Amino acid sequence: MLRVKNLSVYYDKAIALDNVSIDVEEGEAVCVLGANGAGKTTLLNAIFNVIPKKGKIFFNDIDITDLATHKIVKMGIVYVPDKRTIFNELSVYENLEISAWEIIKNKGKKHFVKNLDAVFEHFTNLEEKQSLKAGYLSGGEQQMLSIAQGLIRAPKMFVMDEPTAGLSPKLMNAVFDIVYFMKKQGITVLIVEQNVNKTLMATDRAYIMEVGKIKESGNSKDFLQSDSIKKAYLGG
Ligand SMILES: Nc1ncnc2c1ncn2[C@@H]1O[C@H](COP(=O)(O)OP(=O)(O)OP(=O)(O)O)[C@@H](O)[C@H]1O
Ligand SMILES: [Mg+2]
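Conventions we followed
- Residues numbered from 1 in each chain as written.
- Chains lettered and ligands numbered in written order.
- Predicted model: local features only at pLDDT ≥ 70, side-chain atom pairs only at ≥ 80, totals over all residues.
- Heavy atoms only, no water.
- Helix = DSSP H or I, 4+ residues; strand = E, 2+ residues; numbered from the N terminus.
- Polar contact = N/O pair within 3.5 Å; in protein donor to acceptor, adjacent residues only side chain to side chain.
- Pairing = 2+ DSSP bridges.
- Contact = heavy atoms within 4.5 Å.
- Axes fitted to C-alpha atoms, helices over the stretch in contact; angles between N-to-C directions.
- Parallel < 35°, antiparallel > 145°, perpendicular 65-115°, else oblique.
- Nonpolar A, V, L, I, M, F, W, Y, C, P; charged D, E, K, R; others polar.
- 1 Å grid on protein atoms, 1.4 Å probe; cavity = no way out; pocket = protein on both sides within 12 Å on 5 of 7 lines; lining within 4 Å.
- Points joined across faces, edges and corners; volume = space filled by probe spheres on them.
- Domains from an automatic or database assignment.
- Near = heavy atom within 4 Å.
- Areas by Shrake-Rupley, 256 points an atom, 1.4 Å probe, with all protein chains shown as cover.

Visitor: I'm lost on the side chain of Ser-8 in this one. Help?
Guide: Tracing the backbone shows Ser-8 in strand E1 (residues 2-11). Among the polar contacts listed, one links the side chain of Ser-8 to the backbone nitrogen of Asn-19, at a separation of 3.0 Å.

See below:
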């Protein structure tokens, strides 16, 4: 579904991504793990054409390498970056409505309400607080809202950058529950994380990055049982 071929990124003269290739098949949940500064965010920003890069990127065999970010998103790949994208002055409901404006425009409000119901089923605290200004939500709730903003668009593929950073263990589990939920819905997932064990448990396959390179790739379950890999790359 997503094919990244020989991607390289330079910041000034320093190489941040060195000939990185990854594949994500339809229906899979794939993670990219690695320490601070490994190049994980750079990889996602390069895929979504937020930064200049060398290499090729295909989505469903269509070359999206040079496509504008909003056009990539329009193809059905949602990107939830590590920085939250919510509007503090708008209510929770309005934040979700804004994310779904294209659905409302093209398919009507009814379709939005249907998607909203499905999202609220998994984010009951957001449903309770839908009239509250998003700026008043806790950090964890704001993170949930960022994810909900992506889900409301009913994407084919969901890409997220460290969605559990700064969350309590309870909210972390809620995020990983969402990964399971997405998989059940047939949404393909690419998740960048530092939370090694929980991410490996929630995903099918993993890539491990170290200073701009993919060092290992394989089944998440195998990595989960491999102490040597965890020791070598993942601080475990
Ligand atoms: N805009 C930039 N200009 C120069 N160097 C940058 C820029 N953005 C990132 N870097 C450098 O590129 C490398 C990779 O950074 P990146 O943010 O992709 O890492 P990461 O794996 O996402 O780390 P973290 O887990 O801390 O989010 C780091 O050495 C970082 O300092
Ligand atoms: Mg990062």
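Structure's up, so let's keep going.
Visitor: Whenever I open this one, the sheet that holds E1 confuses me. Can you help?
Guide: By definition, the strands of a sheet pair up through backbone hydrogen bonds, in either a parallel or an antiparallel sense. Spatially, the four strands line up as an open sheet ordered E2-E1-E4-E5, and their pairing is antiparallel. Strands at the two margins of the open sheet, each flanked by one partner only, are strand E2 (14-24) and strand E5 (62-63). Judged from the seven bridges that link them, E1 and E2 form a sheet pairing that is antiparallel. Pairing of Tyr-10 across the sheet is with Ile-15, part of E2. In the packing of helix H1 (residues 40-47) onto the sheet, the strands contacted are E1, E2 and strand E4 (54-59), and the crossing angle to E1 comes to about 115°.

Visitor: Would you take a moment to explain the sheet that holds strand E9 (residues 205-210) for this structure?
Guide: Strand order in this open sheet of six strands is E6-E7-E8-E3-E9-E10, and the pairing throughout is mixed. The open sheet has two free edges, formed respectively by strand E6 (77-80) and strand E10 (213-219), since each of these has just one partner strand. Averaged over all pairs of adjacent strands, the angle between strand axes in this sheet comes to 15°, irrespective of strand direction. Here E9 runs beside E10; their pairing, made up of six bridges, is antiparallel. Opposite Ile-208, over in E10, you have Glu-216 as the bridge partner. Seen against the sheet, H1 touches strand E3 (29-34), E6, strand E7 (157-161), strand E8 (188-193) and E9 and runs at an angle of roughly 145° to E8.

Visitor: Before we go on, may I ask you to explain the packing of helix H7 (residues 139-151) against helix H8 (residues 169-184) in this structure?
Guide: Interaxial distance between H7 and H8 falls to 10 Å at its minimum, and their mutual angle equals 10°. With respect to H8, the axis of H7 lies roughly parallel. Here Gly-140, Met-144, Ile-147 and Leu-151 of H7 lie close against H8, whose contacting residues are Leu-171, Ala-174, Val-175, Ile-178, Phe-181 and Met-182. Grouping the constituent residues of the contact of H7 with H8 by class yields nine nonpolar, one polar and no charged.

Visitor: Honestly, the layout of surface pockets in this entry has me stumped. Any pointers?
Guide: Any space left empty among the atoms is revealed by the rolling of a water-sized probe across them. In this model, the largest pocket occupies a volume close to 550 Å³. Forming the walls of the largest pocket are 24 residues, and the residues nearest its centre are Val-73, Tyr-79, Thr-85, Ser-99 and Arg-153. Of all elements in the fold, only H1, helix H2 (69-74), E6, helix H3 (92-99), helix H4 (101-107) and H7 reach the threshold of two or more residues within the lining of the largest pocket. Here the lining of the largest pocket gets four residues from one element, more than from any other, and that element is H2. The residue makeup of the lining of the largest pocket, split by class, is nine nonpolar, ten polar and five charged. Here the lining of the largest pocket gathers at least three residues from each of two domains, domain 1 (1-76 + 156-236) and domain 2 (84-154). Here the second largest pocket defines a volume of roughly 330 Å³.

Visitor: Is there a simple way to explain the site of ligand 1 in this structure?
Guide: As a matter of local geometry, ligand 1 sits amid Tyr-11, Ala-16, Ala-35, Asn-36, Gly-37, Ala-38, Gly-39, Lys-40, Thr-41, Thr-42, Glu-162 and Gln-194. Within the backbone of Gly-37, one N or O atom sits 2.8 Å away from an oxygen atom of ligand 1. One of the backbone N or O atoms of Gly-39 is found 2.9 Å from an oxygen atom in ligand 1. Look at ligand 1: alone it shows 640 Å² of surface, and the protein chains cover 55% of it. Residue contributions to the shell around ligand 1 peak at three residues, all from H1. Grouping the amino acids of the shell around ligand 1 by side-chain chemistry returns four nonpolar, six polar and two charged.

Visitor: Can you help me understand the side chain of Thr-42 in this one?
Guide: With respect to the secondary-structure elements, Thr-42 resides in helix H1. Among all residues touching Thr-42, those that are not within four sequence positions of it are Val-9, Tyr-11, Ala-16, Leu-17 and Ile-51.

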